[in-house]
Amino acid sequence: MSSGTKNVKKFYLDSSAYVKGFRNERYSEIVHDILEKSEQGKLIVVISEWTLNECIAGLDKACHLKHIIPKEEMDDIIRDMLIYTHDYEGKGCIEIVQPEPGMIHKSVAFIRWYHLSADDALHTVCAESREVNALVLEDMHFSNMLKQPKKIEDPREEQCPKIQFKVLNLADSNDYMELQSIITNL
Amino acid sequence: MPYDPAKDIQSYVKSLSKSRKCLLTGKRAQEYFRNLADMFGFNLHETYSIKKMRNLPKSKVSISDVISETRAEKYE
C-alpha cells in the first residue's frame with residue numbers, strides 16, 4: 001500500500017463508527033465493508049490516536065458505569081480493535097494520526113466557527129490533515145455541527161475555515177446510501 | 001497583509017498532508033501497541049477476522065450510543 005496510493009480514497013472513521021468494526025451492532029455491516037475494502041487496498045482508513053482512546057473510553061463506560069456489556073466482552077473488543085489496528089497499520093491499510101501541538105492549536109478555529117467540542121474539533125483537524133474524502137460517524141450532534149454550523153453574527157465570517165471532506169452520518173439514510181454507493185463502486 | 005485564519009489553517013493542514021510526520025507509524029507505532037497490549041494483557045500476535053465477526057448475532061446494545069451520548073453532553 002505504500003506506493004500508488006495517491007488516488008486511493010481515504011475515509012476518516014471517528015470512534016462512533018470505528019468501534020462498530022469490532023462487534024456486530026447497528027450499521028456494523030458497512031463499517032466491516034469499509035475495513036475489508038481497506039484490506040484489499042481499495043481505500044485507506046484514517047483514524048487518530050484520539051479515536052482509539054474514545055473507543056476504549058466508550059467501552060469502559062458501557063462496562064463499568066452503565067453495566068450494559070460484561071467485562072469479558074469489553075476486554076475482547078479492545079483486544080480485537082488494537083490487534084487489528086496494529087496489524088493493518090503495519091500493512092499500510094490504516095493511517096493513525098498522532099495529534100501534534102500545532103493541530104490542537106489550530107483546532108480552536110473549528111470550535112470558534114463550528115461550535116464543536118474540543119474533542120470533535122480535534123477529530124476535524126486530524127481528518128483535514130490527511131485530506132480525507134469523507135468523515136464517517138454515527139453521531140447526530142457532531143454531524144449537524146459540521147454540516148450546518150450555527151451562524152453567529154460576525155463581520156469576519158469569511159475567516160471560517162471550510163471543511164474539505166464529506167460528512168457521512170450512518171444514522172442518516174441518505175448519507176448511508178451515499179456511502180454504500182461509494183464503497184460498492186471501489 | 002492581514003492575518004486570515006481560514007487560509008492559515010488550510011495551508012497548515014496542506015503542509016501536514018504532504019508529510020507523514022504526524023502519523024503514528026514504524027517503531028513508534030510498534031512501541032505504542034506493545035504498551036497497550038501490556039496494559040490490557042493480550043498478545044499482539046493474535047489475529048482478528050472481520051469475516052468471523054460478521055457471522056456473529058447483532059447486539060441490541062450500541063457502543064456508539066454510549067460514545068455519542070458522552071459527546072452530546074458537551075453540546076447541552
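Residues numbered from 1 in each chain as written. Chains lettered and ligands numbered in written order. Predicted model: local features only at pLDDT ≥ 70, side-chain atom pairs only at ≥ 80, totals over all residues.

*Asks:* In this structure, what is going on with the overall build of chain A? I would like to understand it.
*Replies:* The number of helices and strands found in chain A is 9 helices and 5 strands. Secondary structure elements of chain A, listed N to C terminal, follow the sequence β-α-α-β-α-α-β-α-α-α-β-α-β-α. Here the C-alpha atoms of chain A give a radius of gyration of 17 Å, agreeing with the 16 Å that 2.2 N^0.38 yields for 186 residues. When its C-alpha atoms are laid out on the principal axes, chain A stretches across 55 × 45 × 35 Å. Considering chain A as a whole, with its 186 residues, one finds that 48% of them fall into the buried category. In chain A, once contacts between residues fewer than 6 apart in sequence are set aside, the share between residues at least 24 apart is 72%. (Helix = DSSP H or I, 4+ residues; strand = E, 2+ residues; numbered from the N terminus. Rg over C-alpha atoms; globule rule 2.2 N^0.38 Å. Buried ≥ 20, exposed ≤ 12 C-beta atoms within 10 Å, placed from the backbone. Contact = placed C-beta atoms within 7 Å.)

*Asks:* Looking at this model, I keep getting lost on the overall build of chain B. Mind explaining?
*Replies:* When its secondary structure is counted, chain B shows 4 helices and 0 strands. Listing the helices and strands of chain B from first to last along the sequence gives α-α-α-α. The globule rule puts the C-alpha radius of gyration for 76 residues at 11 Å, and the 20 Å found for chain B is more than 25% above it. Within chain B, the fraction of its 76 residues that count as buried is 18%.

*Asks:* Whenever I open this one, the interface of chain B and chain A confuses me. Can you help?
*Replies:* Note: interface size is frequently given as the accessible area lost on complex formation between the parts. At the junction of the two partners, chain B supplies 42 residues and chain A supplies 54 residues. For the side of chain B that touches chain A, the elements supplying multiple residues, two or more each, are helix H1 (5-17), helix H2 (26-40), helix H3 (50-54) and helix H4 (63-72) of chain B. Counted by class, the side of chain B that touches chain A contains 27 nonpolar, 9 polar and 6 charged residues. (Nonpolar A, V, L, I, M, F, W, Y, C, P; charged D, E, K, R; others polar.)

*Asks:* So what exactly am I meant to see when it comes to the confidence of the model for chain B here?
*Replies:* Detail in the predicted coordinates should be disregarded across regions flagged by low pLDDT. All names here are of chain B. With 96% of its residues at a pLDDT of 70 or more, chain B shows a mean pLDDT of 88. Here H1 stands out as the least confident element of chain B, with mean pLDDT 80; H2 is the most confident, with 95. Reported confidence for the predicted complex is 0.89 by ipTM and 0.93 by pTM. (pLDDT = per-residue confidence, 0-100.)

*Asks:* What is the right way to read helix H4 (residues 71-90) of chain A from this model?
*Replies:* Turn by turn, an α-helix covers 3.6 residues, leaving residues three or four places apart pointing in a common direction. Between its first and last C-alpha, H4(A) extends 29 Å over 20 residues, near the 28 Å set by a 1.5 Å rise per residue. Of all the positions in H4(A), only A:Met74, A:Ile77, A:Ile78, A:Arg79, A:Asp80, A:Met81, A:Leu82, A:Ile83, A:Tyr84, A:Thr85, A:His86 and A:Glu89 are classed as buried. Looking at the buried residues of H4(A), the elements they touch are helix H3 (49-65) and strand E3 (94-97) of chain A together with H2 of chain B. (Expected span 1.5 Å × (residues − 1).)

*Asks:* I keep staring at the sheet that holds strand E4 (residues 134-137) of chain A and nothing clicks. Help me out?
*Replies:* Neighbouring strands of a sheet are bound in pairs by backbone hydrogen bonds; such pairs are parallel or else antiparallel. Residue and element names in this part refer to chain A. One open sheet accounts for 5 strands, arranged E3-E2-E1-E4-E5; its pairing is parallel. With one partner strand each, in any of the chains shown, E3 and strand E5 (166-169) form the two edges of the open sheet. The sheet shows a mean angle of 25 degrees between the axes of neighbouring strands, direction not considered. (Pairing = 2+ DSSP bridges. Axes fitted to C-alpha atoms, helices over the stretch in contact; angles between N-to-C directions.)

*Asks:* In this structure, what is going on with helix H2 (residues 28-39) of chain A? I would like to understand it.
*Replies:* Residue and element names in this part refer to chain A. Relative to the 16 Å expected for 12 residues at 1.5 Å per residue, H2 spans 16 Å between its end C-alpha atoms, a close match to the ideal helical length. Regarding H2, the residues found buried are Ser-28, Val-31, Ile-34, Leu-35, Lys-37 and Ser-38. Positive phi appears at Gly-41, one or two residues downstream of H2, with a value of about 80 degrees.

*Asks:* Would you mind showing me how to read the environment of A:Ser38 here?
*Replies:* Residue and element names in this part refer to chain A. Examined against the element boundaries, Ser-38 turns out to sit in helix H2. Through-space distance from the C-alpha of Ser-38 to that of Leu-59 is 24 Å; in sequence the pair is 21 residues apart. Among residues more than four places away in sequence, those in contact with Ser-38 are Leu-43, Ile-44, Val-45, Tyr-88, Cys-93 and Ile-94.

*Asks:* Can you walk me through the packing of H2(A) against helix H9 (residues 173-184) of chain A in this structure?
*Replies:* Helix-helix packing: each pair is described by the crossing angle between the helix axes and the interaxial distance. All names here are of chain A. It is at 11 Å that the axes of H2 and H9 come closest, and there the two elements cross at 25 degrees. The orientation of H2 with respect to H9, classified from their angle, is roughly parallel. As for the relative orientation of H2 and H9, their crossing is left-handed in sense. Listed contacts from H9 to Ile-30, Asp-33, Ile-34 and Lys-37 of H2 are Tyr-176, Leu-179, Gln-180 and Ile-183. Broken down by class, the residue content of the contact of H2 with H9 amounts to 5 nonpolar, 1 polar and 2 charged. (Parallel < 35°, antiparallel > 145°, perpendicular 65-115°, else oblique. Left-handed = near helix turned anticlockwise from the far one by under 90°.)

*Asks:* What am I meant to see in the environment of B:Gln10 here?
*Replies:* One can find B:Gln10 in helix H1. Along the chain, B:Gln10 and B:Tyr75 lie 65 residues apart, while their C-alpha atoms are 26 Å from each other.

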